[in-house]
Amino acid sequence: MTILLTGGAGFIGANFIYFELKNHPEDRIVCLDALTYAGNLTTLAEALKNPNFAFYKVNICDRPAVYEIFEKEQPDAVVNFAAESHVDRSIETPEIFLQTNILGTQVMMDACRRYGTKRYHQVSTDEVYGDLPLDRPELFFTEETPIHTSSPYSASKASADLLVGAYCRTFGLPATISRCSNNYGPYHFPEKLIPLMIANALNDKPLPVYGKGENVRDWLYVEDHCRAIDLILRKGTVGEVYNVGGHNEMRNIDIVKLICRKLGKPESLITFVADRKGHDMRYAIDPSKIHRELGWLPETKFADGLDRTIDWYLTHRDWWETILSGEYRNYYEKMYGNRETLG
Ligand code: NAD
Ligand code: TYD
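Residues numbered from 1 in each chain as written. Chains lettered and ligands numbered in written order. Predicted model: local features only at pLDDT ≥ 70, side-chain atom pairs only at ≥ 80, totals over all residues. Heavy atoms only, no water.

A. Focus on the nonpolar core. Core analysis: the biggest nonpolar cluster contains 63 residues, and Ile17, Phe53, Val79, Ile194 and Phe302 have the highest contact counts within it. Grouped together as the second largest cluster of nonpolar side chains are 35 residues, Val66, Met109, Ala111 and Ala284 included. (Core = buried A, V, L, I, M, F, W, Y, C linked by side-chain atoms within 4.5 Å. Buried < 20%, exposed > 50% of the residue type's maximum accessible area, 1.4 Å probe, protein only.)

B. Fine view of the side chain of Asn252. Mapped onto the fold, Asn252 is located in helix α8 (residues 252–263). Look past the residues within four positions of Asn252 in its chain and what remains in contact with it is Leu193, Gly213, Asn215, Arg217 and His279. (Helix = DSSP H or I, 4+ residues; strand = E, 2+ residues; numbered from the N terminus. Contact = heavy atoms within 4.5 Å.)

C. A look at the side chain of Asn101. Mapping Asn101 onto the fold places it in helix α4 (residues 95–115). When neighbours within four sequence positions are excluded, Asn101 is seen to be in contact with Ala83, Glu84, Ile96, Tyr153, Ser156, Lys157 and Ala160.

D. Here's a closer look at the site of ligand 1. In the neighbourhood of ligand 1, 28 residues make up the surrounding shell, with Ile12, Asp33, Ser85, Tyr153 and Lys157 lying closest. Asn59 is positioned such that a nitrogen or oxygen atom in its side chain is 2.8 Å from a nitrogen atom of ligand 1. The contact in question runs from an oxygen atom of ligand 1 to an N or O atom on the side chain of Lys157, over 2.7 Å. Within the complex, the protein chains bury 96% of what would otherwise be the 830 Å² of accessible surface of ligand 1. Those elements giving two or more residues to the shell around ligand 1 turn out to be α1 (11–23), β5 (119–125) and α5 (152–171). Element by element, the count of residues in the shell around ligand 1 is highest for β5, at three residues. Of the residues that constitute the shell around ligand 1, the class distribution is 14 nonpolar, twelve polar and two charged. (Near = heavy atom within 4 Å. Polar contact = N/O pair within 3.5 Å; in protein donor to acceptor, adjacent residues only side chain to side chain. Areas by Shrake-Rupley, 256 points an atom, 1.4 Å probe, with all protein chains shown as cover. Nonpolar A, V, L, I, M, F, W, Y, C, P; charged D, E, K, R; others polar.)

E. Focus on the pattern of salt bridges. Counted under the stated rule, the structure contains 22 salt bridges. Notably, a salt bridge pairs Glu46 with Lys49, separated by 2.6 Å at the nearest N-O pair. Of the two residues, Glu46 and Lys49, neither departs from the other in class, the shared state being exposed. Across the pair Asp254 and Arg251 runs a salt bridge, and its minimum N-O distance is 3.0 Å. Residue Arg251 is classed as partly exposed on the basis of its relative accessible area, which comes to 34%. Taken together, the shared-partner salt bridges connect Glu20, Asp27, Asp230 and Arg234 into one network. (Salt bridge = Lys/Arg side-chain N within 4 Å of Asp/Glu carboxyl O.)

Okay, structure coming up:
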């Protein structure tokens, strides 16, 4: 079959492309990506050598351009990864989040309706459920947890999810949604916690921890997420939402200390800085539905996944140093240059 995916020059989309080319060499993979600051074509250099892979530089909000690709490629399935994905940026400039994450999703679903695509999958996030308190460790997000968002990013993703549900019910769009916890692994853009801390530590730069670093995230190795999406796409039930997570909760400060230890860097690099506005305290996924219905379980333990990730950043310095030497530098200066240091 032909799978058309969006946002494949970004972190999870690129990992998904390599996962599919390896595990389903019979399928054709078509990637559509606008190559925003977060998209990097060098990430896809190996894929571009594969005759079963095609790339189009297109914005998912550009309806005529999207329709043209559907007309030409006639995809059997669509996976929508493309999004503005960074919470801190959504606090600075919300509008682009609403455009890409909501209206872009609508364009992709309209294209599926128009061309009779047999399957549409929306890659969503556990952030649509808001957050959980630190003193109630027995609580987890299930698929029934009410949507309750905190940031413009999560609000835009939740809006897209609601629109997917509406298209499913009103137009019979054969859609599924996955809501995953925080991913980590190769090709993760160095503005997110784990790659930012690895890159800064390797450059002996301060490690900016927001607030007291007590916020908890549920970390999943990116390949496990890709396997979950692949399973949902091929075996999931239309109209269903699947939570994906690894039961691997970690406090930010503990992750940063672990990275220091693994890289042999002093904890004195850690700098506590002003907290993120509206900062979610804890995310924790209950993945029992996808386990029960599709047999999915995470395969990579956090210690192994973090070792693999650190190794990757050590052996792919060019990849992230090129990013850090480019336009991203202006962003870093803006976000951290005047950020109050708390100790
Ligand atoms: P990313 O920021 O690394 O990559 C996003 C990609 O989308 C980039 O290649 C970018 O060029 C492309 N893109 C952005 N706007 C576009 C547009 N208008 N048209 C076409 N392409 C566009 O993001 P990621 O971390 O790989 O996340 C992928 C998806 O997974 C997102 O939908 C995100 O909400 C979701 N998600 C991410 C995580 C995580 O931990 N990173 C967890 C759960 C869900
Ligand atoms: P992030 O990787 O941005 O993912 P998300 O906000 O989507 O969970 O951040 C993960 C956690 O790390 C979050 O609690 C914010 C925190 N954080 C820092 O403490 N310092 C940083 O420089 C960054 C980027 C994040």
